[in-house]
Amino acid sequence: MKENLPFVITINRQLGSGGTYVGQQLARKLEVFYADREIMIEAAKYFSVSEEDLESQDEKISPFWQLFLQSHARVPDVYLPTIAITPTNRELFKVESEIIKRFVKEDSAVIIGRCANHILREHPNHVSIFLHGDIAFRKERVKKLYTVSEKEAEKMIAQSDKERALYYHRFTGREWTDVRQYDISLDTSKIGPDKAIEFIMRYLK
């Protein structure tokens, strides 16, 4: 990366690979803005809905927005964004893309998921990272993080992998797990999240 210029680190991750932890620690060490739920919060403000409503749409393909806004379209005194009465998944993605670009326009940041590596592919000071791991490692992390059984953890991982892969392919035309599109790909089940952070910090330097 070019020194003394704003930079951005984007992290795509498999559930249970430690992506959130790694991203938060990198942002803390580098003293830069961290954006994960912050993207969703800004999008929720734009569409004038709650974060909880938006959360069910997070990095997933579904007809939620169309159904939600259509159901409110004829309710008096309900604010609807003037850009579109019934946003599609693509329109929602466009809004989140603009939010991500705004976040990194003048400041450095760590961005989690949401195809940010693709959205910011032309950014002059960008490092893209993909974190993955074997199922056993990921299941143990998910069990502890969400206090669920092994069976529930396995189901959560399978569903998350499927949804994120579909979402990524829909908006980029590429395979989410194709490591050729990332600057760094790390197996956190082999080295652990903390060693991954150390490696990325050395790479950045």
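Residues numbered from 1 in each chain as written. Predicted model: local features only at pLDDT ≥ 70, side-chain atom pairs only at ≥ 80, totals over all residues. Heavy atoms only, no water.

Describing the overall build of the protein
Where we set the bar: Put simply, DSSP H or I for four residues or longer makes a helix, DSSP E for two residues or longer makes a strand, and each gets a number counted from the N terminus. In this scheme, a residue with accessible area under 20% of its type's maximum is buried, one over 50% is exposed, and one in between is partly exposed, where area comes from a 1.4 Å probe on protein chains only. Residues count as neighbours in contact if any of their non-hydrogen atoms are within 4.5 Å of one another. The protein chains shown are the only cover counted for residues, whose accessible areas, like all others here, come from Shrake-Rupley with a 1.4 Å probe.
The secondary structure content of the protein amounts to 10 helices and 5 strands. Counting over 205 residues, the protein shows a buried share of 48%. For the protein, contacts bridging at least 24 residues in sequence account for 69% of all contacts bridging at least 6. Surface accessibility of the protein: about 11300 Å² in total, with carbon and sulfur atoms responsible for 51%.

Some points on the environment of Gly133
Relative to the elements of secondary structure, Gly133 occurs in the loop between strand S4 (126–132) and helix H7 (135–146). Sequence separation between Gly133 and Ser189 is 56 residues; the distance between their C-alpha atoms is 4.7 Å. Those residues within four positions of Gly133 in sequence are excluded, and the remaining contacts are Gln14, Ser17, Arg138, Asp187 and Ser189.

Description of the packing of aromatic side chains
This is how the line gets drawn: Between rings of Phe, Tyr and Trp, where Trp is taken as its six-membered ring, a pair exists when centres lie within 6.5 Å; planes separated by under 30 degrees are stacked, by over 60 edge-to-face, and by other angles tilted.
In this structure the tally under the stated criterion is 7 aromatic pairs. Ring centres 5.1 Å apart and planes at 20 degrees place the aromatic pair Phe130 and Tyr182 in the stacked group. With Phe130 in strand S4 and Tyr182 in the loop between helix H8 (150–172) and strand S5 (184–187), this pair connects stretches of sequence that are 52 residues apart. Each of the two residues, Phe130 as well as Tyr182, counts as buried. Taken together, the aromatic side chains of Phe93, Tyr167 and Phe171 make up a single cluster linked through ring pairs.

Regarding the environment of Ile157
Residue position: Ile157 is located in helix H8. C-alpha of Ile157 to C-alpha of Gln14: the two residues are 143 residues apart in sequence and 8.0 Å apart in space. Not counting residues up to four positions away in its chain, the partners in contact with Ile157 are Leu15, Ile135, Arg138, Lys139 and Val142.

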